Amino acid sequence: QVQLVESGGGLVQAGGSLRLSCAASGIRLNFYAAAWYRQAPGNERELVASITSSGDPIYADSVKGRFTISRDNAKNTVNLQMNSLKPEDTAVYYCNAARLGYNWWGQGTQVTVSS
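The structure presented is a predicted model; accordingly, all values stated were derived computationally and were not measured.

> What is the right way to look at the pattern of salt bridges in this model?
Pairing is possible between side chains of opposite charge, provided their charged atoms come close. This model, assessed by the stated rule, comprises four salt bridges. Across the salt bridge formed by Asp61 and Lys64, the nearest N and O atoms sit 3.1 Å from each other. Assessed through its relative accessible area of 64%, Asp61 is described here as exposed. We note a salt bridge from Arg66 to Asp89, for which the minimum N-O separation is 2.8 Å. With a gap of 23 residues between them, Arg66 in the loop between strand 6 (57-59) and strand 7 (67-72) and Asp89 in the loop between strand 8 (77-82) and strand 9 (91-99) connect regions that are remote in the sequence. Here Arg66 and Asp89 have matching classes, each one buried. Within this structure, Arg38, Glu46, Arg66 and Asp89 form a network of salt bridges that share partners.

What counts, and where the lines are drawn
- Residues numbered from 1 in each chain as written.
- Predicted model: local features only at pLDDT ≥ 70, side-chain atom pairs only at ≥ 80, totals over all residues.
- Heavy atoms only, no water.
- Salt bridge = Lys/Arg side-chain N within 4 Å of Asp/Glu carboxyl O.
- Buried < 20%, exposed > 50% of the residue type's maximum accessible area, 1.4 Å probe, protein only.
- Helix = DSSP H or I, 4+ residues; strand = E, 2+ residues; numbered from the N terminus.

Below, the structure written as structure tokens:
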């Protein structure tokens with residue numbers, strides 16, 4: 001059974017930092033394209049950052065220069081370092097892993113940035 005479990009969300013003041021982690025079981029994440037999405041109330045889910053199986057990152061324009069996506073293959077995790085957080089970053093953040101028609105999602109972790 002495949003599971004993705006996010007952790008690291010919470011409440012932080014604007015300008016602060018958080019580090020999200022997505023731990024996988026049942027699959028080896030290094031064989032998958034992985035990504036972080038977020039969804040704020042009333043908004044559609046949007047891509048925040050993705051990383052290919054070879055480690056190439058892609059970022060949404062809104063987070064470039066502030067967020068960094070990375071893999072830890074030894075721990076079978078994908079992480080999202082979020083710096084200089086803004087109130088508009090407030091959302092539920094979801095981890096995603098995809099490969100060859102398979103698409104797995106985590107349950108989400110809440111990030112709230114206060115002004």
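Anyway, onward from the coordinates.
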